[in-house]
Each structure stands twice: as structure tokens, then as C-alpha cells.
Amino acid sequence: MTDHTIWIWGRRPVLEAVRAGTARTILLASGRKPSPVLSEIRKLAEQQGLSIRDVSPHELDRLGPGHLMQGVAAQIERRYVNSLEELLTQIAGLGEQPFLLVLDQIQDPQNLGSLLRTAEAAGVQGAIVPNRGGAPISGVVAKASAGALSHLPVLEVVNLARTLRQLHEAGIWVIGLEGSTSQPLFAADLTVALALVVGNEGRGLRRLTRDRCDLLVRLPMLGVIESLNAAVAGSIAMYEAVRQRTQMHQGS
């Protein structure tokens, strides 16, 4: 794993970072009324021997201008997976059917954080993102992920299409969300070793990404609007996979 230090803020993201052991420095706004979460952050940080500083709210706000800091920030070591082989080895060690999320240039950091949050909650074992063209992993993403970024392995890749081919060669079924296809999501078998691919907010999946998918599926749109927000669509698809997998285990 390679460590990348970033600043995050917000009570829940910082608390999860401290719990996960990725936090290194904690900043707390001085003069703020104590809250149960802030008290827990301080207590856990003291137990771990972390650096804790009480700073002015103005100094805290400079870390995330225009964002709701909630009285706390933390410097964390973001642990990125170095290679696809490393990620697959980690998953194999879990003894679980692979379940990956692949994001094709998600540009809105709120969408990216929301997708990572859902992925962690849905039991996804890792996320794969291109290292260019999408929103970078940042404090905004960490805040939107509500702490999921401290638990979910993230792999950044140079060539997403090549990575999808490698997933296919590893026996993982690559399924992309694509509004123009006729295949409905709910008819697809999502109990297999799965890499679910979600496209860009505007253009969807890039051509090479589509070409590397084993199957393209769409959400049924029964109303007037033609599409859903990328984070919403991706979250629905992930939980359809959860539903199918849960039913399979209950029936076995």
C-alpha cells in the first residue's frame, strides 16, 4: 500500500479515520460546545497518542474554504492499493466472491464520495478509478463518503480499459450501467464475481470502457425524465447486487 496524506474534515469522516487508524493529526476548533462525537474523537485520538491541536475556527476553516467543517479536521494517510494484483490478492484472502466498483471519470466530488459511501456499506471490497479525468480524492470526497474512504481500498489506474480486460481475464464479470442498452439491470445475474462500472455524469461510459464490458445493463425509467444521477444509479445497482447475493446465500 502507498500512503498519501490529505486533510479531511467533518465529524463522521474524522471519527471513522481515527477508528481505522489512518489519522495522524487532529485539529479541533477552540471555544466550540462539546458534542458526543467530538468528545469521542478526542478520547480515541488520545488513546492512540495522536497529535491533537486546539485551533481557532478561522484556522480550521482555511483547510476547507466554503465547506462545513463541524469543528474538526484531520490529516490522514490515504491508503491506495498499488496494483490490481494486490487488490485481487486482498479479496482472495477474504474468502468472498469478488465485488468491485469501477468509476469511469466521475467528476463531481459529491457523487464520488457518495458512491464510495454506498460501496463500503454494500460490502464492495474495492473501488477502481482512473487517475485522470475524474474528481481527485480530496477532503470534499472524504466528507461526502462519511468516513467510507478510511475503510474502502481505492486503486487508481492509468488505463481503465486495460484494467477491465485484466479483470475479465481474472474471471470477474464486468457489467456496465448504460442507459442506451435494452438489457434491464434486474434481469442480470449479479451474484457472479462482479465489477460494476458506473460512467461519467454527462456522457456515461466512454467507448473503450463500454467495449471492455461483458454486459451492459440499464435501470428501467418509467417516468418522464430520461436518466438518474450517477451516484443514485450506481447505488441502486450495487444494492441490487446485494439483494441477489443475499437471496442466494439464504437459499443455499
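Above this text is the structure in question.
Everything quoted here is computed from the prediction, not taken from an experiment.

K.L.:
What's the story with helix 5 (residues 109-121) in this structure? I'm lost.
P.N.:
For the α-helix, the turn length of 3.6 residues means that residues three or four positions removed from each other point alike. In this model helix 5 runs 18 Å from its N-terminal to its C-terminal C-alpha over 13 residues, within 8% of the 18 Å that 1.5 Å per residue would give. If you check which residues of helix 5 are buried, you get Asn111, Leu112, Gly113, Leu115, Leu116, Thr118 and Ala119. At the N-terminal boundary of helix 5, the capping side chain belongs to Asp108, with an oxygen 2.7 Å from the backbone nitrogen of Gln110. Within two residues after helix 5, Gly123 carries a phi angle of roughly 85 degrees, on the positive side.

K.L.:
Teacher, can you tell me more about the layout of surface pockets here?
P.N.:
A probe matching the size of a water molecule, rolled over the atoms, marks out where space remains unfilled. Roughly 450 Å³ of volume is contained in the largest pocket. In terms of lining, the largest pocket is formed by 22 residues, of which the most central are Leu177, Glu178, Gly179, Ser227 and Leu228. Split into classes, the residues belonging to the lining of the largest pocket amount to nine nonpolar, seven polar and six charged. Here the second largest pocket is characterised by a volume of approximately 190 Å³. In terms of lining, the second largest pocket is formed by Glu96, Gln97, Phe99, Ala122, Gly123, Gln125, Thr191, Val242, Arg245, Thr246, Met248 and His249. Here the lining of the second largest pocket gets five residues from one element, more than from any other, and that element is helix 9 (residues 230-251).

K.L.:
Looking at this model, I keep getting lost on the pattern of salt bridges. Mind explaining?
P.N.:
Two side chains carrying opposite charge are able to pair once their charged atoms lie near each other. Here the structure, examined in full by the defined rule, presents nine salt bridges. Among the ionic pairs, Glu40 bridges to Arg19, the shortest N-O distance being 3.1 Å. Residue Glu40 is located in helix 2 (residues 36-47), and its partner Arg19 is located in helix 1 (residues 11-20); the two are separated by 21 residues in the primary sequence. Using a relative accessible area of 44% as the deciding quantity, one classes Arg19 as partly exposed.

K.L.:
Help me understand the environment of Leu63 in this model?
P.N.:
Topologically, Leu63 is positioned in the loop between helix 3 (57-61) and strand 4 (72-81). The spatial distance from the C-alpha of Leu63 to the C-alpha of Trp9 is 8.4 Å, given a sequence separation of 54 residues. Those residues in contact with Leu63 that sit more than four places away from it in its chain are Trp7, Trp9, Leu27, Met69 and Ala73.

K.L.:
Please clarify how empty space enclosed by the protein should be interpreted in this entry.
P.N.:
Applying the stated rule across the entire model yields one cavity of 30 Å³ or more. The computed volume of the largest cavity comes to approximately 30 Å³. Lining the largest cavity are Ile8, Pro13, Ile76, Ala142, Ser145, Gly147, Leu149 and Ser150. Grouping the amino acids of the lining of the largest cavity by side-chain chemistry returns five nonpolar, three polar and no charged.

K.L.:
How should I be thinking about the packing of helix 1 against helix 2 in this particular structure?
P.N.:
How two helices pack is summed up by the angle between their axes together with the distance between the axes. At a minimum axis separation of 10 Å, helix 1 and helix 2 run at an interaxial angle of 25 degrees. With respect to each other, helix 1 and helix 2 are oriented roughly parallel. Helix 1 and helix 2 meet at a crossing whose hand is left-handed. On helix 2, the residues that touch Arg11, Val14, Leu15, Val18 and Arg19 of helix 1 are Val37, Leu38, Glu40, Ile41, Leu44 and Ala45. Looking at the contact of helix 1 with helix 2 residue by residue, the classes come out as eight nonpolar, no polar and three charged.

About the criteria used
Residues numbered from 1 in each chain as written. Predicted model: local features only at pLDDT ≥ 70, side-chain atom pairs only at ≥ 80, totals over all residues. Heavy atoms only, no water. Helix = DSSP H or I, 4+ residues; strand = E, 2+ residues; numbered from the N terminus. Expected span 1.5 Å × (residues − 1). Buried < 20%, exposed > 50% of the residue type's maximum accessible area, 1.4 Å probe, protein only. Polar contact = N/O pair within 3.5 Å; in protein donor to acceptor, adjacent residues only side chain to side chain. 1 Å grid on protein atoms, 1.4 Å probe; cavity = no way out; pocket = protein on both sides within 12 Å on 5 of 7 lines; lining within 4 Å. Points joined across faces, edges and corners; volume = space filled by probe spheres on them. Nonpolar A, V, L, I, M, F, W, Y, C, P; charged D, E, K, R; others polar. Salt bridge = Lys/Arg side-chain N within 4 Å of Asp/Glu carboxyl O. Contact = heavy atoms within 4.5 Å. Axes fitted to C-alpha atoms, helices over the stretch in contact; angles between N-to-C directions. Parallel < 35°, antiparallel > 145°, perpendicular 65-115°, else oblique. Left-handed = near helix turned anticlockwise from the far one by under 90°.

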